[in-house]
Amino acid sequence: MDIYKETLRAMLKGDNERAAELGSSVGDASWRESGVLLTAVCAILAEDRFDADDSPAAIKSFVDEMMRNYANASPPLTSLMCEVVVRIALGEGELLKGVDVNDLSIHQMAFMNKVVQDADMAPQQIDELLDEATDLVSDL
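This one's a predicted model, so the numbers in the text were calculated from it and none came from an experiment.

Where a protein is soluble and globular, its nonpolar side chains tend to be buried together. Ranked by internal contacts, the top residues of the largest apolar core, which has 41 residues, are V41, L45, F111 and M112. Broken down by secondary-structure element, the contributors of at least two residues to this core are α1 (2–12), α4 (35–49), α5 (56–69), α6 (79–89), α7 (101–119) and α8 (123–138). A per-element tally of this core places α4 first, with eight residues. If we ignore the near neighbours within four places in the chain, the residues touching F111 are C42, L45, A46, F50, F62, M66, V85 and V86.

Encoded structure:
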């Protein structure tokens, strides 16, 4: 779990070189296990981001903005998967059935980056976010 947490920490703090270095040291099979941590981080961020309004219109507006922000992403994001990520993070876990794990994680990382950047989270807040997500995962 520590390698996933450190990779996310580097990514969310904008240290892309470190995130890539850490990420490349984790095998593909092991990355699948990181899905629980990714989902926990997304859930915490979604709860804060959509606290005032989690209506379909608010989600659509967010997804539209996300698609504009990541228009040149490689691999490209899809609005459907962006919406699925938000809805899963807001508690619709049944949407996980049949979703490609790799595609989901790419969209989750973009979601996390957007919310962290939009909130202008300080490094200490990112550390607290990751600690909270790790606690959630360990309680499972």
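With 14 residues, α5 should reach 20 Å at 1.5 Å per residue; the first-to-last C-alpha distance of 20 Å fits that figure. For α5, every residue scored as buried is listed here: A58, I59, F62, V63 and M66. Down the axis, α5 shows its buried residues gathered within 130 degrees of arc, on one side only. Residues P56, A57, K60 and R68 are exposed on α5 and point more than 90 degrees away from its buried face.

Relative orientation and spacing of two packed helices are given, respectively, by the angle between their axes and the distance between those axes. Taken N-terminus to C-terminus, the directions of α4 and α8 make an angle of 120 degrees; their axes are 9 Å apart at the nearest point. Between α4 and α8, the angle is such that the two are oblique. Relative to α8, the crossing made by α4 is right-handed. Taking contact as the criterion, the partners of V36, L37, A40, V41, I44 and L45 in α4 are, on α8, L129, L130, E132, A133, T134, L136 and V137.

Right, let's talk about unusual backbone geometry for a bit. Of note, the bond from S74 into P75 is cis; its omega dihedral lies within 30 degrees of zero at 0 degrees. Mapped onto the elements, P75 comes out in the loop between α5 and α6. Backbone geometry at D120 places phi at a positive 50 degrees, although glycine is not the residue there. Mapped onto the secondary structure, D120 falls in the loop between α7 and α8. Residue D120 is classed as exposed on the basis of its relative accessible area, which comes to 65%.

Each value, and the rule that gives it
Residues numbered from 1 in each chain as written. Predicted model: local features only at pLDDT ≥ 70, side-chain atom pairs only at ≥ 80, totals over all residues. Heavy atoms only, no water. Core = buried A, V, L, I, M, F, W, Y, C linked by side-chain atoms within 4.5 Å. Buried < 20%, exposed > 50% of the residue type's maximum accessible area, 1.4 Å probe, protein only. Helix = DSSP H or I, 4+ residues; strand = E, 2+ residues; numbered from the N terminus. Contact = heavy atoms within 4.5 Å. Expected span 1.5 Å × (residues − 1). Arc of directions from axis to C-beta. Axes fitted to C-alpha atoms, helices over the stretch in contact; angles between N-to-C directions. Parallel < 35°, antiparallel > 145°, perpendicular 65-115°, else oblique. Left-handed = near helix turned anticlockwise from the far one by under 90°.

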